[in-house]
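Chains, contacts and geometry: an overview
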Amino acid sequence: MGCLMNIAETLDRLPPLPAAATRLLRELGSPDADLDEAVRIIRTDESLTASVLRTANSAALGARGRTLDLRAAVVRLGARTVAHQALELAAAPTFRDAGVAFDVRRGEQWRAAIGGARAAEELGIRCGAEPERCFVAALLRDIGRLAFDLHHQQTGAEIPRPPAGEDFVAFEHRTFGVDHPTLGADLATRWGLPAEVCAAIRHHHHPPARDEGGSVLLDVVHLADAAARFAGLGLGCDGLLYPVSTAAMDRLGVDRGDLERLALSAAVAVFELEAGLNDPDDSAASRSDSPQPADRSARRTA
Amino acid sequence: MPQPAPSIPSPRPIGAPKLVVGVADLQSTGDRTIRVITHALGSCIGVTAWDPRTRATGMLHYMLPESKISPDKAERQPAMFGDLGVPLLLERMKALGADTRRLVVCAAGGAEVVADGGTFRIGARNRTILRKLAWKHGLLLAADDTGGNFSRTLSIDAECGTVRIRTQGEERTLWAA
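Read on for a plain summary of the structure.

Rules used throughout
Residues numbered from 1 in each chain as written. Chains lettered and ligands numbered in written order. Predicted model: local features only at pLDDT ≥ 70, side-chain atom pairs only at ≥ 80, totals over all residues. Heavy atoms only, no water. Disulfide = S-S within 2.5 Å. Axes fitted to C-alpha atoms, helices over the stretch in contact; angles between N-to-C directions. Helix = DSSP H or I, 4+ residues; strand = E, 2+ residues; numbered from the N terminus. Parallel < 35°, antiparallel > 145°, perpendicular 65-115°, else oblique. Contact = heavy atoms within 4.5 Å. Nonpolar A, V, L, I, M, F, W, Y, C, P; charged D, E, K, R; others polar. Buried < 20%, exposed > 50% of the residue type's maximum accessible area, 1.4 Å probe, protein only. Pairing = 2+ DSSP bridges. Phe/Tyr/Trp six-rings, centres within 6.5 Å; stacked < 30°, edge-to-face > 60°. Lys NZ or Arg CZ within 6 Å of the ring centre and 35° of its normal. Salt bridge = Lys/Arg side-chain N within 4 Å of Asp/Glu carboxyl O. Core = buried A, V, L, I, M, F, W, Y, C linked by side-chain atoms within 4.5 Å. Domains from an automatic or database assignment. Buried area = accessible area lost by both parts, 1.4 Å probe. Polar contact = N/O pair within 3.5 Å; in protein donor to acceptor, adjacent residues only side chain to side chain.

**Quick notes on the state of the cysteines**
Enumeration according to the criterion identifies zero disulfides over all chains in this entry. For Cys 134 of chain A, which is in no disulfide, the shortest distance to another cysteine sulfur is to Cys 127 of chain A and amounts to 8.1 Å.

See below:
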């Protein structure tokens, strides 16, 4: 694949996120996220407002009575769910189709984003990191794949199958001259996301030591990504070709059992999401071949 | 005197209707017309069970070997764990009229994180629990494709019991009558 420098150039051609979604992600990704400011941002976007109200009024949340008040809806849902919706709206259809160049099934990249984000939030709370920031950084950790996808769509170029045993980021770099964490961080920088969120995206497979620019957030996002992979989320041709940093585990005081429980949480988060938080009208079609939620009844697909 | 199993037809086309088994999920069916499939088997293990006489078919996709790591999640989602999921799979098969002595059991998955260094070995531990449970329940693994670093898709044709594996863009038959 000789046109690999072109992959980095696709960043210029990726469609921008809607303004409201970008502002919301910036707000929730900042060290001092302000719920009131988040509500003001949502109000500026009609589709985002409609989505928040629809979810707040869904039967899955057990909400009694309908609310037409956005502030009450945000309180009911929490900033986390609002962030889901912001990115989901912004990313449709881009994010739902993400990962195609990596042989990730349709919709799976989004599931991996959600599972990893919930795991990061849980781990962040435990480790004293800002949970919303952990959530946003983990949610966006693989956006660099969008550049590979666009390159794939425009040129038809396939990612060659990586050899067993090689770190996939090293493989990407060796094969393409660039890797998805670097592209993702560059994209997040263009979107104006906070610097530490960009750093978490850049280092989500290889978090540096504290004296080399590392932080709790970087370790959290790295381990959340590993937990999502243990849950089988977002696996494509890269499989399990990403090492898990035991140094990051030591720094956060996380052992093997903790990481495995985090994987369970990531899986459950996706089950819950699919069980009810999505409007069936706009999600069923895109998930027709996805694993089912917790009460998964037998079903057939053609 | 045991009756001979009916003749086994050829595998149906890949485009046949399918029953999707999610992560931490278990499905069983007496419907011969479909293909049961699970995706994204990384360190998780997928287990197929098929009775050649009744054509009862089941599949389990478990994440971790032992439920003691999270009793609350085990209560809500027993198929997350091999130690609960495998017996549950056998119960479901019996409920469909299958005889566990006739079952053709296959497995796939159990991959490892690259450069693990022995820290996790989730795939190996998942494989070990399956072997222990197979021995305990008198099951013989007819075929398996486990280990490595890549994810797999596992499917079984309910009519003929043919088990297929797809990994790294290539599909092959793991077991056929």
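**As for the packing of helix H2 (residues 19–29) of chain A against helix H3 (residues 35–43) of chain A**
All names here are of chain A. Orientation of H2 relative to H3, taken along the N-to-C sense of each, is 175°, at an axis distance of 9 Å. Regarding the angle of H2 to H3, the classification is roughly antiparallel. Counted together, Ala 20, Arg 23, Leu 24 and Glu 27 of H2 and Glu 37, Ala 38, Ile 41 and Ile 42 of H3 form the full contact between these two elements. In the contact of H2 with H3, the residues fall into five nonpolar, no polar and three charged.

**Focus: the pairing of strand S4 (residues 45–50) of chain B**
Residues in a regular strand point their side chains to alternate faces of the sheet. Residues and elements named next belong to chain B. S4 sits mainly inside the fold: six of its six residues count as buried. Residues of S4 alternate between two faces, with Ile 45, Val 47 and Ala 49 on one and Gly 46, Thr 48 and Trp 50 on the opposite face, all of them buried. The turn joining S4 and strand S5 (residues 57–62), which pair antiparallel and follow one another in sequence, is formed by six residues; a positive phi near 65° is taken by Arg 55. Sheet analysis places S4 next to strand S6 (residues 104–109), joined by six bridges and oriented antiparallel. In the sheet register, Ile 45 faces S6, and the bridge partner there is Gly 109.

**A closer look at the packing of aromatic side chains**
All names here are of chain A. Across all of its chains, the model carries seven aromatic pairs over all chains by this definition. Measuring from centroid to centroid gives 5.4 Å for Phe 168 and Phe 171, while their planes differ by 40°, and the two rings are tilted. Here Phe 171 and Phe 168 lie together in helix H10 (residues 168–176), a separation of three residues that amounts to about one turn. Phe 168 gets classed as buried once you look at its relative accessible area, which sits at 0%. Judged by its relative accessible area of 4%, Phe 171 is buried. The structure contains a cluster of three or more aromatic residues connected by ring pairs, namely Phe 102, Phe 148, Phe 168, Phe 171, Phe 176 and Tyr 242. Cation over ring: Arg 145 sits above Phe 102, and NZ or CZ is 4.3 Å from the ring centre.

**As for the pattern of salt bridges**
Residue and element names in this part refer to chain A. Going through the model one piece at a time under the given rule, you end up with 26 salt bridges over all chains. The partner of Arg 145 in a salt bridge is Asp 238, and the shortest N-O contact between them spans 2.2 Å. Remark: Asp 238 occurs in the loop between helix H13 (216–230) and helix H14 (246–252) and Arg 145 occurs in helix H9 (residues 145–155); sequence separation between them is 93 residues. When the shortest N-O distance is used, the salt bridge between Arg 229 and Asp 238 registers 3.4 Å. Where salt bridges share partners, they join Arg 141, Arg 145, Asp 225, Arg 229 and Asp 238 into one cluster.

**Thoughts on the nonpolar core**
Leu 259 of chain A together with Met 63 of chain B are the most contacted members of the largest nonpolar core, which totals 122 residues. No fewer than three residues from each of domain 1 (15–91) and domain 2 (93–287) of chain A sit in this core. Ile 45, Leu 89, Met 93 and Ala 107 of chain B belong to the second-largest nonpolar core, a separate cluster that totals 21 residues.

**Structural notes on the interface of chain B and chain A**
Listed by partner, the interface residues are 40 residues for chain B and 45 residues for chain A. If you sort the residues of chain B by the area they bury against chain A, Ile 69, Val 114 and Phe 120 of chain B come out on top, with a joint share of 16%. The interface formed by chain B and chain A holds one salt bridge in total. Arg 125 of chain B is paired through a salt bridge with Glu 260 of chain A; the nearest N and O atoms lie 2.2 Å apart. Run the count over chain B and chain A and you get six residue pairs in polar contact (both at pLDDT 80 or more). Secondary-structure elements contributing two or more residues to the side of chain B that touches chain A are strand S1 (18–21), strand S2 (25–29), strand S3 (35–41) and helix H3 (122–136) of chain B. Grouping the amino acids of the side of chain B that touches chain A by side-chain chemistry returns 21 nonpolar, 13 polar and six charged.

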